[in-house]
Amino acid sequence: MQKSLEDIRKNVRVTLSSQDWELIDSAYEFAKAAHQGQKRRSGEDYIIHGIETAIILAQIGMGAKTISAGLLHDVPEDTPVTLAEIENKFGKEIAFLVNGITKLGKIKLRDKTEEMYVKNLRKLFLAMADDIRVIIIKLADRLHNMRTLQFNPRDKQIRIAKETLEIFSLIANRLGMGKIKSELEDLAFKYLDQENYAYSIRTRKEQYLRKKEYFEATLNELTKEFSREKVEILQISKRIKHPYSLFCKLKKRGMDIEKIYDFFAIRIIVPEISNCYEALGIVHRKYKPLVGRVKDYISLPKPNGYQSIHTTVFGPEGIIVEAQIRTKKMDEEAMFGIAAHWLHKNQEKKSILEKYLFPQKEEEKENKELRWVKQFSEWQSDIGADDQEFMCGLQVDFFKNHIFAFTPTGDFIELPEEATPVDFAYCIHSEIGRKICEAKADGKIVPLDYHIQNGQLMEIFTSDERVCPDKDWLKFVKTSTAKRHIRKFFKK
Ligand code: MN
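Now for a quick tour of the structure. (Residues numbered from 1 in each chain as written. Predicted model: local features only at pLDDT ≥ 70, side-chain atom pairs only at ≥ 80, totals over all residues. Heavy atoms only, no water.)

1. Focus: the overall build of the chain
We count it as follows: Strands are runs of DSSP state E lasting at least two residues, helices are runs of H or I lasting at least four, and both sets are numbered from the N terminus onward. Each residue is assigned to one of three classes by its accessible area relative to the maximum for its type, calculated with a 1.4 Å probe on protein chains only: buried under 20%, partly exposed between the two thresholds, exposed over 50%. A 1.4 Å probe and the Shrake-Rupley method give the accessible areas. Residues count as covered only by the protein chains that appear here.
Helix and strand content of the chain: 22 helices and eleven strands. Within the span of the chain, comprising 492 residues, buried residues form 50% of the whole. For the chain, the accessible surface area stands at approximately 23,700 Å², while carbon and sulfur atoms represent 49% of it.

This is how it looks when you write it as structure tokens:
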């Protein structure tokens, strides 16, 4: 059935005012009129693509302006209607977002040469730094295009799927948008590696059927246990590992499905953080945990802000199940990532995700910048990092509150902000740390307490005459590695 405006209404996760709805309604009418008569390869009216994009944006909790921009996103590119007309009708902000998508659309990421590819990726990051909503709309647009990829010729399918897996799923992951990330991965996997995709789907189904009973028994037993112990649970649900991530893990574990400990997971959503630990206690009392498999991402969140407690336990009949325990808010952030920020923008308590992504105090404005994206693009233009460095950066889970310094051999060392040459030296080797006498950053001599800048090439000079570190270094070193080594030396 063709989707309509009503479906946007049904999927919206934030409270929108009647004014907001007027905006969305008029964006819908405007886009529909502009795309009048156009069809997609699927044979559907073109406006359906705009609606589907807007629905995804609504589902992840974006507001009226972003949803409207989602409806309008292909108008300037594919119809006679100009951006100026959009600006006239909907104002600067929406026109800016639509223009951002149009510009991104023109960037052919997978270009003929590696050089062009990298240049284009940079443009993408610069666009992200402008306004993160642009990339969120782009992700929604890409997700719908992936869902309808079967209508395209094979060569286009491959190009789009590759780009999705190599770039867009990484960005979704970096923005903490777990749900979009896994769907993008699975869809791309299906087009890029049909054989292994089929294998993964089959293995997944077989394992599920083999162990289903026990998996369900675990869920029921835990539910009972929680109610007996009077621990409030908001929701308890099952999840099975997605085909793409299952296949990646299978490859790592010698294709042995029994070694995939998180194949089955039970997700337990509780009201407060303290309940997470209570729930963990109950899970462990009921089922024996696997040693060393408890991961507390609440006190130590993943770099993309993900928070949850994971534990792997032996359930009924020895079935291995992972339990994922988190609050409602953490759960939403795990699914929608950065978008969940807008969902919670009226709440007082800052989420961990916000602390991660917006470390500086800023006013509650919709178009906040992501500091790491900003840093990243600044770093590129300041340093003029060459393409290889750029690619390295991309692969290192992007940058955030960390800097990277390069060694003369092209390796890079990850350091906290304001790290010094002494930190850098100790990260290479404790001997080099102890014997450091001089340092150069990008070819210039710098003091030992210098703050290394992101992307700098560091050279460390050592002297055999230095037999012990300087106690004063403790006043400025930032890494625990350096601190530990220096202290250890003086204890002796
Ligand atoms: Mn589109």
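2. Regarding the environment of K103
The topology assignment puts K103 in helix α7 (residues 92-106). Once the C-alpha coordinates of K103 and E77 are considered, the two residues, 26 residues apart in sequence, prove to be 9.2 Å apart.

3. Some thoughts on the layout of surface pockets
What counts here: A cavity here means a set of 1 Å grid points, computed over protein atoms only, where a 1.4 Å probe fits but cannot escape. A pocket is an open set with protein on both sides within 12 Å along at least 5 of 7 lines, and lining residues have an atom within 4 Å of a point. Grid points are joined across faces, edges and corners, and a volume is the space filled by probe spheres set on the points. Only Asp, Glu, Lys and Arg are considered charged in this grouping, and only Ala, Val, Leu, Ile, Met, Phe, Trp, Tyr, Cys and Pro are considered nonpolar; every other residue, Gly among them, is considered polar.
What the largest pocket holds in volume is close to 1,400 Å³. The wall of the largest pocket is formed by 49 residues, among which G178, K181, S182, R267 and K302 lie closest to the centre. Here the lining of the largest pocket takes seven residues from helix α11 (residues 178-192), the largest share from any one element. Taken together, the residues of the lining of the largest pocket break down into twelve nonpolar, 13 polar and 24 charged.

4. Side note on the environment of F263
Note on placement: F263 falls in the loop between α13 (243-252) and β2 (264-270). Along the backbone, F263 and I240 are 23 residues apart, and their C-alpha atoms lie at a distance of 5.7 Å.

5. A look at the pattern of salt bridges
Applied cut-off: In what follows, salt bridge is the name for a side-chain nitrogen of Lys or Arg lying within 4 Å of a carboxyl oxygen of Asp or Glu.
Counted by the stated rule, this structure contains 27 salt bridges. One salt bridge connects E229 with R285, and the closest N-O pair in it is separated by 3.3 Å. Of the two residues, E229 sits in the loop between α12 (194-228) and β1 (235-240) while R285 sits in helix α14 (residues 273-286), which places them 56 residues apart along the sequence. One salt-bridge network, in which partners are shared between bridges, spans E431, R434, K435 and D464.

6. What to know about the sheet that holds strand β9 (residues 436-441)
Operational definition: The pairing criterion is simple: DSSP has to find at least two bridges between the two strands. Helix axes are fitted only over the stretch in contact, all axes being lines through C-alpha atoms; the angle between N-to-C directions runs from 0 to 180 degrees. Whether two residues touch is decided by their heavy atoms; if any such pair falls within 4.5 Å, the residues are in contact.
In space, the three strands of this open sheet follow the order β10-β9-β11, with antiparallel pairing throughout. Two strands in the sheet have a free side with no partner beyond their single neighbour: β10 (444-446) and β11 (458-462). This sheet shows a mean twist of 35 degrees between the axes of neighbouring strands, independent of strand direction. Direction of pairing for β9 relative to β11: antiparallel, over a ladder of five bridges. Bridge pairing links K440 to E459 in β11. Docked against the sheet, helix α20 (residues 421-428) engages β9, β10 and β11, running at close to 80 degrees with respect to β11.

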